[in-house]
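# Breakdown of the fold
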There are 2 protein chains.
Amino acid sequence: MSFFPASLENLIDKFASLPGIGRKSAQRLAFHVLALPDAEAKAFADAITEAKANVRCCSVCQNLTEGEICSICASDRRDKSTICVVSEPRDVLSIERGREYNGTYHVLHGVLSPMSHVGPDDIRIKELLVRVAESDVQEVIMATNPDTEGEATAMYISRLLKPFNIRVTRLAYGIPVGSNLEFADDATLNRAIEGRTEM
Amino acid sequence: MSFFPASLENLIDKFASLPGIGRKSAQRLAFHVLALPDAEAKAFADAITEAKANVRCCSVCQNLTEGEICSICASDRRDKSTICVVSEPRDVLSIERGREYNGTYHVLHGVLSPMSHVGPDDIRIKELLVRVAESDVQEVIMATNPDTEGEATAMYISRLLKPFNIRVTRLAYGIPVGSNLEFADDATLNRAIEGRTEM
């Protein structure tokens, strides 16, 4: 049963359909938006429409952009011979935050997941192969998440890249910087020992 | 520094401006909206615009409604001689959920709060007084929250209602049904003992 006007219920439903937003939170958000000045509420609605209309995928790396190619692919200062393959646009942000990596990216927009019916044709693997085939790429770094699906995707793509005779690498596994050995899980600790380096 | 296109950043900002939504959650929500089919993203934007345009306050009880008066005020089956005063529209929902109360409501849209510069003229107190003066009201139940501001608001309004010579009551304090005495705070337990009833 509902005691809210239909258009308010509708707005609550929209918020509740977002990931991680429950019914109560959706109510709070909807009330907040209703209480905004008209101009701000309109700006919110416009932000959705405009982001949806303007944001597209970079024709080179498939990262989100408003132009034809993204700022990283357009930059002269980035090393075009190295491609870091990530699953989501937000992963680009994570790696850029480190300010160490100077190559380019390739955003898959997903990972292989038979359980969710995501196959090789559903993510941007073909675009990566075309890129490797047509430009002078020396190394592809697989930076998908270190979980089952991310691993499988990295493995699958690395096999497809074999014929190109380029370097294909994977992010190092190990204990996180600043963490505590006591709380590291067995798998991570084993990988850290396997991957130990000379001091 | 930002690596997202401007209109995506803008959408993230909008989500981050909502209460209880941090930067990371806002990113997740914005990516989710971007990934929606065009029609659904449009429906989301429209839901905001329409709720903002259609929802107004009931001319009688100030609850949110799309018509001139809300469904509760318009109903023949509600007892118009009893008014339950709440601070927010969602409180109406909470009381209605109990299916016991059969009177009408009055929504203040806030509580008195000197700290936030909310005075008697900023919430719908005047409308309540006009209602009590002009219609046959027998009882006003103060159902603001049992916190400092809710208490002060209830106290303030009850004094204004004194001259009308009607019954002004307050929700009972006590231990919540189904709770455990061990976890009840002192103030609640003291109020529960004060307000004890014959068995």
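You'll find the structure just up there.
A brief report on the enclosed structure follows. (Residues numbered from 1 in each chain as written. Chains lettered and ligands numbered in written order. Predicted model: local features only at pLDDT ≥ 70, side-chain atom pairs only at ≥ 80, totals over all residues. Heavy atoms only, no water.)

### Considering the relation of the copies chain B and chain A
- It takes a turn of 180 degrees to lay chain B on chain A, together with a shift of 0.0 Å along the axis; the resulting RMSD is 0.0 Å. Both copies of the chain, as the preceding transformation shows, are related through a two-fold rotation axis. Closest to the rotation axis within chain B is the C-alpha of B:Ala45, separated from it by 2.1 Å.
- Comparing interface residues between copies, 100% of those in chain B also lie at the interface in chain A; the contact surface is shared. (Least-squares fit on C-alpha atoms with pLDDT ≥ 70 in both. Contact = heavy atoms within 4.5 Å.)

### A short note on a positive patch on the surface
- On the surface, A:Lys24, A:Arg28, B:Arg90 and B:Arg97 cluster together into a positively charged patch.
- If you list the elements that add at least two residues to the positive patch, you get helix 2 (23-35) of chain A together with helix 5 (89-97) of chain B.
- Within the element layout of this structure, A:Lys24 appears in helix 2.
- Residue A:Lys24 is classed as exposed on the basis of its relative accessible area of 62%. (Patch = residues over 30% accessible without salt bridge, like charges linked within 9 Å, V, L, I, M, F, W, Y side chains within 5 Å. Areas by Shrake-Rupley, 256 points an atom, 1.4 Å probe, with all protein chains shown as cover. Salt bridge = Lys/Arg side-chain N within 4 Å of Asp/Glu carboxyl O. Lys, Arg positive; Asp, Glu negative; His and termini not counted. Charge placed at Lys NZ, Arg CZ, Asp CG, Glu CD. Helix = DSSP H or I, 4+ residues; strand = E, 2+ residues; numbered from the N terminus. Buried < 20%, exposed > 50% of the residue type's maximum accessible area, 1.4 Å probe, protein only.)

### A word on the side chain of A:Thr104
All names here are of chain A.
- One can find Thr104 in strand 4 (residues 103-107).
- With relative accessibility at 1%, the residue Thr104 sits in the buried group.
- Looking at Thr104, its side chain comes within polar contact range of the side chain of Arg131, at 3.0 Å.
- Setting aside its immediate chain neighbours within four residues, Thr104 contacts Ile72, Arg78, Asp79, Lys80, Thr82, Ile83, Cys84 and Arg131. (Polar contact = N/O pair within 3.5 Å; in protein donor to acceptor, adjacent residues only side chain to side chain.)

### Quick notes on the packing of aromatic side chains
- Going through the model one piece at a time under the given rule, you end up with eight aromatic pairs over all chains.
- Each ring, one from A:Phe44 and one from B:Phe15, has its centre 5.4 Å from the other, and the planes form 90 degrees; the classification is edge-to-face. Of this pair, A:Phe44 sits in helix 3 (residues 38-54) while B:Phe15 sits in helix 1 (residues 6-16), each in a different chain. (Phe/Tyr/Trp six-rings, centres within 6.5 Å; stacked < 30°, edge-to-face > 60°.)

### A look at the sheet that holds strand 5 (residues 139-142) of chain B
All names here are of chain B.
- The four strands are arranged 4-3-5-6 in an open sheet whose pairing can be described as parallel. Taken across any chain shown, the strands that pair with only one partner, and hence form the sheet edges, are strand 4 (103-107) and strand 6 (167-170). Adjacent strand axes in the sheet meet at a mean angle of 25 degrees, parallel and antiparallel pairs treated alike.
- Of the pairings in the sheet, the one linking strand 5 to strand 6 comprises four bridges and is parallel in character. Each residue of the ladder has a partner; that of Met142, found in strand 6, is Arg170.
- Across the sheet, helix 5 is in contact with strand 3 (79-86) and strand 4; its angle to strand 4 comes to roughly 155 degrees. (Pairing = 2+ DSSP bridges. Axes fitted to C-alpha atoms, helices over the stretch in contact; angles between N-to-C directions.)

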